[in-house]
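Commentary on secondary and tertiary structure
Given next are the chains, with one letter for each unit.
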Amino acid sequence: PKAFRDCIALRKVTLPAGLTTIGEKAFCHCYHLAEITLPGAVMSIGEKAFHGCKWFEDFTAIVTRSSYAENYCKENGMKYTFLDRNDQEVGKDGN
C-alpha cells in the first residue's frame, strides 16, 4: 500500500489505466510530487494516500470527468484538470 512513500525526488506519475485502488499512504511524503494522472478506473483511494504532498502549491491531479478521482480531489481540496476520452489533458477546469 505504501508504494511510493517517502520518494522525495518523485515529480510526476501516470498510473496505469486499469488501476482501481490507490493504497493507504501510497504517495505519503512525496514532497516534490507536482503532477499525478489518476485513471478513470480508480474506485478507492486509501487514507492519507497523498499526505505531505504540497497540493496547495504546485500539485495537480489529472482526472477523468465525473470519476471517483474527480470527487476525491473536490472533497480534499486538490487542484485538478481533466482528461478527454483519449486520455489527453484538456484543461484546468478543476479548483
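Residues numbered from 1 in each chain as written. Predicted model: local features only at pLDDT ≥ 70, side-chain atom pairs only at ≥ 80, totals over all residues. Heavy atoms only, no water.

1. Re the pairing of strand S6 (residues 80-83)
Relative to S6, strand S5 (residues 60-64) runs parallel, the two sharing 4 bridges. By the bridge assignment, Ile62 is partnered in S6 with Thr81. (Pairing = 2+ DSSP bridges. Helix = DSSP H or I, 4+ residues; strand = E, 2+ residues; numbered from the N terminus.)

2. Concerning the packing of aromatic side chains
Evaluated as defined, the whole model comprises 5 aromatic pairs. Between Phe4 and Phe27, the aromatic rings sit 5.0 Å apart at their centres with planes inclined by 10 degrees, giving stacked as the arrangement. Residue Phe4 is found in the segment before strand S1 (12-14), and its partner Phe27 is found in the loop between strand S2 (21-22) and strand S3 (35-37); the two are separated by 23 residues along the sequence. Plain terms: the ring middles of Phe50 and Phe59 are 6.0 Å apart, the flat faces sit at 55 degrees to each other, and that makes the pair tilted. Each member of the pair, Phe50 together with Phe59, is buried. Clustering of aromatic rings is evident, with ring pairs tying together Phe4, Phe27, Phe50, Phe59 and Tyr72. In this structure, Arg65 is placed above the aromatic ring of Phe82, and the distance from its NZ or CZ to the ring centre is 3.9 Å. (Phe/Tyr/Trp six-rings, centres within 6.5 Å; stacked < 30°, edge-to-face > 60°. Buried < 20%, exposed > 50% of the residue type's maximum accessible area, 1.4 Å probe, protein only. Lys NZ or Arg CZ within 6 Å of the ring centre and 35° of its normal.)

3. A closer look at the nonpolar core
Core analysis: the biggest nonpolar cluster contains 24 residues, and Ile22, Phe27, Ile36, Leu38, Phe50 and Ala61 have the highest contact counts within it. Of all the secondary structure elements, the ones that give two or more residues to this core are S5, helix H1 (68-76) and S6. The element contributing the most residues to this core is H1, with 3 residues. Residues within four places of Leu38 in sequence aside, it is in contact with Leu15, Ile22, Phe50, Ala61, Ile62, Val63, Thr64 and Ala69. (Core = buried A, V, L, I, M, F, W, Y, C linked by side-chain atoms within 4.5 Å. Contact = heavy atoms within 4.5 Å.)

4. What about the pairing of S5?
Moving residue by residue along a regular strand, the side chains alternate between the two faces of the sheet. Burial within S5 is extensive, with 4 of its 5 residues counted as buried. Strand direction decides the pairing type here: S3 and S5, joined by 3 bridges, are parallel. The partner of Thr37 across the bridge, within S5, is Ile62. In the classification by handedness, the crossover that spans S5, the intervening H1 and the parallel S6 is right-handed. (Right-handed = clockwise from strand over helix to strand, strands pointing away.)

These results come straight from atomic positions and should not be treated as a statement about function.
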